Amino acid sequence: MNVLGLSFSDHEASAALVMDGKLKSAIARERVTRIKRDGIRWGGCRLDLTPAIQYCLDANRLTLDDIGLIVWSHTDHAPADEVYKTLMTEGGLDLCTRPLLPVPHHFAHACGAYYSSPFKGEAAVLIVDGAGGPFGAMMENCTGPEPEKIAAGSVAVQNLSPFEGDGSRELESFYRFNDKGGEVLRKVIGHWCGIGAVYGHASKLIFGDYLDAGKTMGLAPYGRPHPTKIFFEETGPEDMRVFTRSVSQERSALESRIDRWRQNTRSSNYKSALLTDFTASLQWETEEALLEHARWIQKQTGLKRLCFSGGVALNCVANTRLAEETDFEEIFVPPCPGDDGISVGCALYGASLNGGVEPVTNPAYLGRDYSHEPQTIEESGLKRCFEKQDIYETVAQELASGAVVAWYEGGAELGPRALGHRSFLADPRRTDLRDRLNAEIKRRESFRPFAPVVLRDAVSEYFVESNPSYFMSFVADVRKDKRDIIPGVTHVDGSARYQVLREQDNASLFKLIQAFAKITGIPMLLNTSFNRAGEPLVETPVDAARCVVASTADYLVVNHIPYRNAATGGLWHSTNAHAKAH
């Protein structure tokens, strides 16, 4: 059966397709519309998912008539007739020609994490985000084992906002999954007052956007936590603690100062102790709360494997503490733990009900392939180069000489992090390239770190690894004797959000890094997402060409065909040659 999964998310609307149990395609709507965080509220303000649906259908030569089941999750757990009427008003596809199955937001997260994991048999699943769907609407409008079991009274439901009634939303959910399906054990609900919501509120205060939690995480290592907890109050029984927004006067005073700072500062100095200590406290308290939750579910289930998802699972520093300080032997975080992964969970859940799910060998590269005409790329301001030369050796030499290379191949990654199909690559030995990437190419805050992508066999030589990080989901300490060697990817606290690369994951990037290592002795590259601030990752070759020209990167490689940025590539060569001569 062909199953279509849909995420009607308020900020990461997406679609996914499973064919006969095999995950084939998935796309966030923002990649097609080119509107960052294109969702019901943040971006397009439309429910219609036709661009993402059509993308998945076209990539697999299907039509809507070929779909046997549509599984969807709405950010507000809206009733099916309301969703249908809105789609018809917006001119969307007539989804009601196919069987429809609405599922809860957190349950879709859990299915996406478990069914795309490498685990066989049982695993614990922990979901933490800013807020899932409204609890009352979930019980009324969603189907599946979760609302049924809650209705039967066999699930511990802890409401942090008892006076909010049906306004309480999913905050944290705990599951046990096996090959036969998932079972909800416990839910924490409340009115935007849980772990993810508090983190999002602080991010909005500093950066102006609730969804800029990644910036907050990157800023935290510059500061020191406050001596007392200021963000969360710990409540609930001793054996089942919950964490809710604190009403601490200290935090309120700090927030007032930060608000005044934002209003009075044009050129922001984010490294101010006011902000760094604030974010360091938030990060530490968040980690402590997540550790408590992970230890609870491990003790409750006795299981040794954990799947962690929801938007908070993008916090790779916290993920690493879960790996290091709990009794779980293995932790899996999908490459798309945010709401763009909801569609994947929906599609895989539908497949599990209709013949089962095939093992997902790589849940990252779920976009479609593109062909391109070199003339189209050159019309954007790029010029084909290095013809009849070995692409890996030549590009590796350019990288070793200081070039920034935009690397484009195959289908795009699902999720916010580039994993080698839509990446800017550079030499990790150079801090000047790190500064150039932030200021000129990415055009983002100067404090933000960059990730290394490192060959599997070389990880232990450079990093102290606690859990393999194939999707940039964990951090590792850079060994002290290596920090001066790879400063471009070493954060201020000596850590790196690293990506472990095996040949079977991405043979082309693997070969390029091998060539770079042969020249430099360094078996890794700096890897950052192929986009500029405020833009989605590039999707098509034309998107890639436009981004390179606008960003002033030196080269673009599209499916192994190299192009030089005519505006800056020549200038870079002249400058580089001049520097070598002197």
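Here is a short report on the structure shown in this document.

Quick notes on the rules
- All chains use their own residue numbering, which begins from 1 and follows the written sequence.
- In keeping with the model being predicted, local features are shown solely for residues with a pLDDT of at least 70 and side-chain atom pairs are shown and tallied solely at 80 or more, while totals for entire chains, interfaces and linings include all residues.
- By convention in this description, side-chain values take in all heavy atoms of the structure and omit both hydrogens and water.
- In DSSP terms, a helix is any run of H or I states spanning at least four residues, a strand is any run of E spanning at least two, and both are numbered starting from the N terminus.
- Throughout, the radius of gyration refers to the C-alpha atoms, and the reference size of a globule is 2.2 Å times the residue count to the power 0.38.
- Burial status follows relative accessibility: with a 1.4 Å probe on protein chains alone, a residue under 20% of its type maximum counts as buried, one over 50% as exposed, and anything between as partly exposed.
- By definition, residues are in contact when any of their heavy atoms lie within 4.5 Å.
- Residue burial considers only the protein chains on display, and all accessible areas are found by Shrake-Rupley using a 1.4 Å probe.
- When charges are counted, Lys and Arg contribute as positive and Asp and Glu as negative, whereas His and the chain ends are disregarded.
- In this description, the location of a charge corresponds to atom NZ of lysine, CZ of arginine, CG of aspartate or CD of glutamate.
- At least two DSSP bridges between two strands are required for those strands to pair.
- Pairs were defined over the aromatic rings of Phe, Tyr and Trp, the Trp ring being its six-membered one, requiring ring centres within 6.5 Å. Orientation was assigned from the angle between planes: stacked under 30 degrees, edge-to-face over 60, tilted for the rest.
- By this rule, a helix spans an expected 1.5 Å times one less than how many residues it contains.
- Note: the arc covers the axis-to-C-beta directions of the helix.
- Throughout this description, the term nonpolar core refers to a set of buried Ala, Val, Leu, Ile, Met, Phe, Trp, Tyr and Cys residues connected via side-chain atoms within 4.5 Å.
- With axes taken as lines fitted to C-alpha atoms, and helix axes fitted only over the stretch in contact, angles between N-to-C directions fall between 0 and 180 degrees.
- Residue polarity is assigned by list, with Asp, Glu, Lys and Arg as charged and Ala, Val, Leu, Ile, Met, Phe, Trp, Tyr, Cys and Pro as nonpolar; anything else, Gly included, falls into the polar class.
- By definition, disulfides here are pairs of cysteine sulfur atoms that lie within 2.5 Å.
- What sets the label is the angle itself: under 35 degrees gives roughly parallel, over 145 gives roughly antiparallel, 65 to 115 gives roughly perpendicular, and the rest give oblique.
- Salt bridges are counted wherever a side-chain nitrogen of Lys or Arg sits within 4 Å of a carboxyl oxygen of Asp or Glu.

1. A closer look at the overall build of the protein
Step number 1: For the protein, the count of helices and strands is 19 helices and 24 strands.
Step number 2: In terms of C-alpha radius of gyration, the protein reaches 23 Å, essentially the compact-globule figure of 25 Å for 582 residues.
Step number 3: Along the longest, intermediate and shortest principal axes, the C-alpha atoms of the protein span 75 × 60 × 45 Å.
Step number 4: Each of the 582 residues in the protein was classed as buried or not, and the buried ones make up 60%.
Step number 5: Of all intrachain contacts in the protein linking residues separated by at least 6 positions in sequence, the fraction that spans at least 24 positions is 73%.
Step number 6: In the form shown here, the protein has an accessible surface area of approximately 22500 Å², with 47% of it arising from carbon and sulfur atoms.
Step number 7: In the protein, 63 side chains carry a positive charge and 75 a negative one; their mean positions are 5 Å apart.

2. Here's the deal with the sheet that holds strand E20 (residues 495-496)
Step number 1: Reading across from one edge, E18-E19-E20 is the order of the 3 strands in this open sheet, with antiparallel pairing throughout. Of all strands in the sheet, those with a lone pairing partner are strand E18 (463-464) and E20, marking the two edges.
Step number 2: Bridging between strand E19 (residues 476-478) and E20 involves 2 bridges; their strand directions are antiparallel. Across the sheet, residue Ala-476 finds its bridge partner in E20, namely Ala-496.

3. Digging into the packing of aromatic side chains
Step number 1: A complete count under the given rule lists 22 aromatic pairs for this structure.
Step number 2: Ring centres of Tyr-222 and Phe-447 lie 6.4 Å apart, and the angle between their planes is 85°; this geometry places the pair in the edge-to-face category. Here Tyr-222 is found in the loop between helix H8 (213-219) and strand E10 (232-235), whereas its partner Phe-447 is found in the loop between helix H15 (431-441) and strand E17 (451-455), with 225 residues between them in sequence.
Step number 3: Relative accessible area serves as the criterion here: at 2%, Phe-447 is assigned to the buried category.

4. Observations concerning helix H9 (residues 249-264)
Owing to its 3.6 residues per turn, the α-helix aligns residues three or four sequence positions apart on the same side.
Step number 1: The first and last C-alpha atoms of H9 sit 23 Å apart over 16 residues, in line with the 22 Å expected at 1.5 Å per residue.
Step number 2: Of the positions making up H9, those classed as buried are Arg-251, Leu-254, Glu-255, Ile-258 and Trp-261. The buried residues of H9 occupy an angular sector of 120° when the element is viewed end-on, so they sit on one face. Of the exposed residues in H9, the ones pointing more than 90 degrees away from its buried face are Gln-249, Gln-263 and Asn-264.

5. Focus on the environment of Ala-156
Step number 1: Inspection of the secondary structure assignment puts Ala-156 in strand E7 (residues 156-159).
Step number 2: You can call Ala-156 partly exposed: its relative accessible area is 27%.
Step number 3: As for Ala-156 and Val-3, which are separated by 153 residues in sequence, their C-alpha atoms are 32 Å apart.

6. With respect to the nonpolar core
A general tendency of soluble globular proteins is for nonpolar side chains to be buried together.
Step number 1: In this structure, Leu-6, Phe-8, Phe-424, Phe-463, Leu-512, Phe-530 and Leu-556 are the most contacted members of the largest nonpolar core, which totals 84 residues.
Step number 2: Excluding anything up to four places from it in sequence, Leu-512 contacts Tyr-392, Val-395, Ala-396, Leu-399, Trp-407, Leu-425 and Leu-525.

7. Overview of the sheet that holds strand E21 (residues 499-501)
Step number 1: The 8 strands are arranged E14-E24-E23-E15-E16-E22-E17-E21 in an open sheet whose pairing can be described as mixed. The two strands at the open ends of the sheet, each matched to only one other strand, are strand E14 (382-384) and E21. Here the average twist between neighbouring strands, direction ignored, is 30°.
Step number 2: Sheet topology note: the strand E15 (residues 405-408)/strand E16 (residues 422-426) ladder contains 4 bridges and is antiparallel. Each residue of the ladder has a partner; that of Val-405, found in E16, is Leu-425.
Step number 3: Of the strands in this sheet, E16 and strand E22 (524-529) touch H15, which is tilted by about 135° from E16.

8. So, the packing of helix H7 (residues 195-207) against H9
Step number 1: For the pair H7 and H9, interaxial distance at closest approach is 8 Å and the crossing angle is 35°. Judged by residue contacts, His-201, Leu-205, Ile-206 and Phe-207 of H7 engage Glu-255, Ile-258, Asp-259, Trp-261 and Arg-262 from H9.
Step number 2: Class assignment of the residues belonging to the contact of H7 with H9 gives a composition of 5 nonpolar, 1 polar and 3 charged.

9. Observations regarding the pairing of strand E3 (residues 22-28)
Step number 1: With respect to burial, E3 is a largely interior element, 5 of its 7 residues being buried.
Step number 2: As paired strands, strand E2 (residues 14-19) and E3 are joined by 6 bridges and run antiparallel to one another. If you follow Met-19 over to E3, its bridge partner there is Lys-22.
Step number 3: Linking E2 back to E3 in an antiparallel pair, the connection comprises 2 residues, with Asp-20 at a positive phi of about 50°.

10. So, unusual backbone geometry
Step number 1: Even without being glycine, Arg-443 reaches a positive phi, approximately 55°.
Step number 2: On the secondary structure map, Arg-443 appears in the loop between H15 and E17.
Step number 3: Take Arg-443: its relative accessible area is 45%, and that puts it in the partly exposed class.
Step number 4: Positioned with a positive phi, His-560 is a non-glycine residue whose angle comes to about 75°.
Step number 5: For His-560, the position within the fold is in the loop between strand E23 (555-558) and strand E24 (561-565).
Step number 6: On the accessibility criterion, His-560 (33% relative accessible area) is partly exposed.

11. A closer look at the state of the cysteines
Step number 1: Under the criterion given, the structure shown has 0 disulfides.
Step number 2: In this structure Cys-56 is not part of a disulfide, and its nearest cysteine sulfur, from Cys-336, lies 12 Å away.
Step number 3: By relative accessible area, Cys-56 is classed as buried at 0%.
Step number 4: The thiol of Cys-336 is unpaired, and the distance to the nearest cysteine sulfur, on Cys-346, comes to 12 Å.
Step number 5: Cys-336 gets classed as buried once you look at its relative accessible area, which sits at 8%.

12. What to know about the packing of helix H4 (residues 105-115) against helix H12 (residues 342-352)
Step number 1: In contact at an axis separation of 7 Å, H4 and H12 are set at 75° when each is read in the N-to-C sense. Judged by the inter-axis angle, H4 sits roughly perpendicular to H12. Side by side, H4 and H12 meet where His-105, Phe-107, Ala-108, His-109, Cys-111, Gly-112 and Tyr-115 of the first sit next to Ile-342, Gly-345, Cys-346, Leu-348, Tyr-349 and Ser-352 of the second.
Step number 2: Among the residues making up the contact of H4 with H12, the classes are represented as 8 nonpolar, 5 polar and no charged.

13. Focus: the pattern of salt bridges
Step number 1: A complete count under the given rule lists 30 salt bridges for this structure.
Step number 2: Ionic pairing is found between Arg-429 and Asp-427, a salt bridge with its closest N-O pair at 2.6 Å.
Step number 3: A residue is classified by how much of its surface remains accessible, and Asp-427, at 0% relative accessible area, is buried.
Step number 4: The shortest N-O distance in the salt bridge between Glu-465 and Arg-456 comes to 2.7 Å.

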